[in-house]
Amino acid sequence: MGKVLAICQMGGEFIQNKDGTLTYSGGEAHAVDIERDMALDELRNEISGMFNCNMEAYSIKYFLPNNKKTAITVSNDKDLKRMVDFHANSDTTDIYIMKKAENRVIRSVVADSDTTTDMTTTTLATVDGSSKRRRVSVDWANLITGVGQVFESPKAFRDTLHKYAVANKFTYKFVKNDTTRVTAECTAEDCPWRIHASKSPAKKEFMIKKMSDEHTCGKEMKRGHRLASQRWVASVIKEKLRDSPNYKPKDIATDLEKEYGLSLNYSQAWRGKFIAKKELYNSLEEASGQLPWFISRIHETNPGSIATMDAPEGSKCRFFVAFRASLEGFEHGCRPLLFLDAITSKSTRHWRLLVATAVDGEGEIFPVAFTVVENDSLENWRWFLEQLKSTLSSSRAITFVCNGQNGLLEEIPLVFEEYGYPGYCVNQLIEDFTAQLDEEWTQEVKNDMVDHLRHAIYALKAEEFNQCLDNIKAQSEEVYQWLMETKPERWSDAYFKGLRYGQYSSNAVEIFTDWVSTRYELSVVQMVDLVRCKIMEMMYTRRETSNGWTDLLTPSANRKVQEHMNRARTLDVVCSAGDVFEVRDDSVNNVVNVETWECSCRRWQVDGLPCMHALAVFERTDRGVYDYCSKYFTAECYRLAYSSSINPIPDVGQPIACSSELIHSSVTPPTRTRRMAGRPKEKPADPRISIKRSNRCSKCKVYGHNKATCKMPAQMDI
């Protein structure tokens, strides 16, 4: 949303834990809202007022998500925007106000001991002696503590050793390097530094067994470092490059100098960026090459499933999937209600996952179809809805609930015509409504306004709805007008045209995000197959669980009916002719029509389950309660939703042998060519004359050659 609540902390100290992570202790804290377009100077002024300090002497630092070892410094407006973007999925973030010039004390927890040691680190200085911000690599200098230190795996040890060597400015070579042991020594001649790690006796952890921590080589005092390889540079800048595609090699070299103390030339920074871009955008090549094969495998292993792709000009390909088991489950076992959501996560930041999920008899999500696209633009949403429409076989009316992003609410009736009813997600509506409230209002007034909106959403009758809106209008005419522009027929029970059966929102975003969240970036095929596996496991688990049910209704529906039944026994029923009855509830007369499944309170029609007035009639006339419940809440219908299974695709991830049919696919994979040595030459946008500059010799001052090839005899000193 471009906004984050920051907890500003000042006056404390960092404590280094055994695993190298840092914990901030002590000091005082204040909260401040940071907008994405906020200027750094504006934030500094606000912090200066909160802590009554001169921010010229302080710097602002924060941690990246899931990384408590390295503190990042905010030094300009671009850094501040990156910080907000990094924490876009978090409710809050912590920022630390640190003094620039003073020595900082980090309390380090010693391994295998309950004691702590004070370790002073001095702020790094530039060549001319001026103060400079603390480099990220300083935190790496003590990552290796000595014999007995434990790592999760040999790879974790090698990664830590690499950072340790970069921070301490020396190079090493492996003497032994395999899955059970790693031995490394300093590359300098006669230097005794050496380290050996292997699996512990329990064969579960990787532990440092021997270490000679003395260097006689004086270490590598150059500004560059042999360990700063192209791939290491790529791994460091990959996340920044993902958020800033125009990250220039010059800026890369500058940032690495500031944060790691390493000096790279333009060529090294450019090659690191080239490798990072190749890793980031390799998904496009994979999509165009493997997706046709993957589509054919889906059709072969899961007959009746729909899998198709489209490659619009100038954009990445779009991939749509709907498994037969999901389509049949939605058709026969789920209420005609679909939630539309866009999913993104750190592992799929280069792609967007658009999903359509139904709701089963237990109120849990039931994935029906999904598509992988470059972004959640209206064009991609339209394509997804068109594929979804052609996939659904029945012509029953369907209610679609979404967040209203990108004009999607208006697009639904255009695609599905009279069979599609758009609905506004209630949680999103409340969030958008809250954003419209005046900031000068007290929190009590804001809470009252939100309560009025909630009552308006769940109001069953027009009179109740109008009363709630009158309360909102009395407080603010502008907020009232905004709310009316959202069209109440899309979110209020009193006027809603479709059927939601008491389901107003979905947790599909949280579930899908959890499914596709991994430590590494997923390709399209990997992401789709991971979702397939999760759905396959979900369907099996719920099918097995439902086999043990003995009631006619699902457990959640049965509980609701029992709660209403307890209140129904206290109501008075007045019998009338035929199937129409009058039920008295707190001096209010409610009319129940058993034949049409209607009650004047409208709860029966909205939820799909009998209200307490209808249950009172059934109790009085000895009618079967379960005969008047919507079929979507029955255990039989629930089992139908999960009766089919998604079949495995065993050869995903194995080498692909392309058939002639796939070769002639509409999307042709890019041809791989051997990369020539040196930096690839870029053709200029416009034809131009290339002018070669003539060299000038510094010895004889003649053009056409240089000092190394000069034939003028050297002058002898007298």
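Residues numbered from 1 in each chain as written. Predicted model: local features only at pLDDT ≥ 70, side-chain atom pairs only at ≥ 80, totals over all residues. Heavy atoms only, no water.

Named according to an unreviewed UniProt entry, the chain is MuDR family transposase originating from Rhynchospora pubera.

The helix and strand inventory of the chain stands at 20 helices and 25 strands. Burial status across the chain gives 45% buried among its 718 residues. Taking the contacts inside the chain whose residues are at least 6 apart along the sequence as the reference set, 60% of them involve residues at least 24 apart. A total accessible area of about 38400 Å² is found for the chain, and carbon and sulfur atoms account for 47% of it. (Helix = DSSP H or I, 4+ residues; strand = E, 2+ residues; numbered from the N terminus. Buried < 20%, exposed > 50% of the residue type's maximum accessible area, 1.4 Å probe, protein only. Contact = heavy atoms within 4.5 Å. Areas by Shrake-Rupley, 256 points an atom, 1.4 Å probe, with all protein chains shown as cover.)

It is worth spelling out unusual backbone geometry at this point. Of note, the phi angle at glutamate 417 is positive, near 55°, even though the residue is not glycine. Considering the arrangement of structural elements, one finds glutamate 417 in the loop between helix H9 (408-416) and strand S21 (420-424). Phi is positive for lysine 487, close to 65°, though the residue is something other than glycine. Turning to its location among the elements, lysine 487 is positioned in the loop between helix H13 (477-485) and helix H14 (508-516).

On to the pattern of salt bridges, then. Applying the stated criterion to the full structure yields 21 salt bridges. Arginine 82 is the salt-bridge partner of aspartate 79, the closest N and O atoms lying 3.3 Å from each other. Separated by 3 residues within a single helix, aspartate 79 and arginine 82 lie in helix H2 (residues 77-86), roughly one turn from each other. Using a relative accessible area of 12% as the deciding quantity, one classes arginine 82 as buried. A salt bridge links glutamate 619 to arginine 569, with the nearest nitrogen and oxygen atoms 3.9 Å apart. (Salt bridge = Lys/Arg side-chain N within 4 Å of Asp/Glu carboxyl O.)

With that settled, consider the sheet that holds strand S17 (residues 337-343). Spatially, the 7 strands line up as an open sheet ordered S15-S16-S19-S18-S17-S20-S21, and their pairing is mixed. Among the strands making up the open sheet, the edge pair consists of strand S15 (306-310) and S21. Here the strands of the sheet are splayed against their neighbours by 20° on average, with no regard to which way each runs. Relative to strand S19 (residues 365-373), strand S16 (residues 318-322) runs antiparallel, the two sharing 3 bridges. Within the sheet, the bridge partner assigned to phenylalanine 319 lies in S19 and is valine 372. (Pairing = 2+ DSSP bridges. Axes fitted to C-alpha atoms, helices over the stretch in contact; angles between N-to-C directions.)

This part is about the environment of serine 643. If you trace the backbone, serine 643 turns up in the loop between helix H19 (635-641) and helix H20 (660-663). Spatially, the C-alpha atom of serine 643 lies 9.9 Å from that of arginine 542, the residues being 101 residues apart in sequence. Looking at serine 643, its side chain comes within polar contact range of the main-chain oxygen of leucine 640, at 2.9 Å. (Polar contact = N/O pair within 3.5 Å; in protein donor to acceptor, adjacent residues only side chain to side chain.)

A separate point is the sheet that holds strand S25 (residues 598-599). Reading across from one edge, S22-S23-S24-S25 is the order of the 4 strands in this open sheet, with antiparallel pairing throughout. Of all strands in the sheet, those with a lone pairing partner are strand S22 (572-575) and S25, marking the two edges. One ladder, built from 2 bridges, connects strand S24 (residues 588-593) with S25; its direction is antiparallel. Paired with asparagine 593 across the strands is glutamate 598, a residue of S25. Along the sheet, helix H18 (residues 612-621) contacts S22, strand S23 (580-585), S24 and S25; its crossing angle with S23, the most-contacted strand, is approximately 115°.

A few words now on the side chain of aspartate 529. In this structure, aspartate 529 sits in helix H15 (residues 524-546). The class for aspartate 529 is buried, based on a relative accessible area of 11%. A polar side-chain atom of aspartate 529 sits 2.7 Å from a polar atom in the side chain of arginine 532. In contact with aspartate 529, not counting residues within four places along its chain, are Phe294, Ile649 and Val652.

Attention now moves to the packing of aromatic side chains. How two aromatic rings sit relative to each other is given by the distance of their centres and the angle of their planes. Per the stated rule, a full pass over the model turns up 28 aromatic pairs. Ring centres of phenylalanine 151 and phenylalanine 157 lie 5.2 Å apart, and the angle between their planes is 70°; on these two criteria the pair is classed as edge-to-face. The burial state of phenylalanine 151 is the same as that of phenylalanine 157; both residues are buried. Measuring from centroid to centroid gives 5.3 Å for phenylalanine 366 and tyrosine 642, while their planes differ by 70°, and the two rings are edge-to-face. Of the two residues, phenylalanine 366 sits in strand S19 while tyrosine 642 sits in the loop between H19 and H20, which places them 276 residues apart along the sequence. Its relative accessible area of 1% is what places phenylalanine 366 among the buried residues. Classification of tyrosine 642 as buried rests on a relative accessible area of 1%. (Phe/Tyr/Trp six-rings, centres within 6.5 Å; stacked < 30°, edge-to-face > 60°.)

Right, let's talk about the pairing of strand S5 (residues 58-63) for a bit. A large share of S5 lies buried, amounting to 6 of its 6 residues. As judged from the 5 bridges shared by S5 and strand S7 (residues 92-99), these two strands associate in the antiparallel manner. From the neighbouring strand, serine 59 faces S7, where its bridge partner is methionine 98. Taken together, the 4 bridges between S5 and strand S6 (residues 71-74) define a ladder with antiparallel strand orientation. Its bridge partner being in S6, phenylalanine 63 is matched across the sheet by alanine 71.

Let us look at the nonpolar core. Judged by nonpolar contacts, the single largest core of 92 residues is most densely connected at Phe319, Leu340 and Phe433. By residue number, the principal contributor to this core is H15, which donates 8 residues. When near neighbours in sequence (up to four residues on either side) are disregarded, phenylalanine 433 contacts Met449, Val450, Leu453, Ile472, Val479, Trp482 and Leu483. (Core = buried A, V, L, I, M, F, W, Y, C linked by side-chain atoms within 4.5 Å.)

Each pair of packed helices gets described by two things: the angle between the helix axes and the distance between those axes. Between helix H12 (residues 462-475) and H13, whose axes approach to 5 Å, the crossing angle comes to 140°. One way to sum up the angle between H12 and H13 is to call them oblique. Judged by residue contacts, Leu469, Ile472, Lys473 and Gln475 of H12 engage Glu477, Val479, Tyr480, Leu483 and Met484 from H13. Of the residues contributing to the contact of H12 with H13, the split by class is 6 nonpolar, 1 polar and 2 charged. (Parallel < 35°, antiparallel > 145°, perpendicular 65-115°, else oblique. Nonpolar A, V, L, I, M, F, W, Y, C, P; charged D, E, K, R; others polar.)

The two faces of S15 differ: Ala307 and Met309 on one face are buried, but Ile306, Thr308 and Asp310 on the other face are not. Across 5 bridges, the pairing between S15 and S16 is antiparallel. If you follow alanine 307 over to S16, its bridge partner there is valine 321.

Quick look at the environment of proline 336 now. Tracing the backbone through its elements, the reader meets proline 336 in the loop between helix H7 (324-333) and S17. We classify proline 336 as buried; its relative accessible area is 9%. Along the backbone, proline 336 and arginine 396 are 60 residues apart, and their C-alpha atoms lie at a distance of 7.5 Å. Excluding residues within four positions of it along the chain, proline 336 makes contact with Phe330, Arg396, Ala397, Ile398, Thr399, Leu499, Tyr501 and Tyr632.

With 16 residues, helix H11 (residues 443-458) should cover 22 Å at 1.5 Å per step; its first-to-last C-alpha distance of 23 Å lies within 8% of that length. Taken as a whole, H11 has its buried residues at Met449, Val450, Leu453, Ala456 and Ile457. Angularly, the buried residues of H11 cover 115° about the axis, an arc narrow enough to put them on a single face. Facing away from the buried side of H11 by over 90 degrees, the exposed positions are Glu444 and His455. (Expected span 1.5 Å × (residues − 1). Arc of directions from axis to C-beta.)

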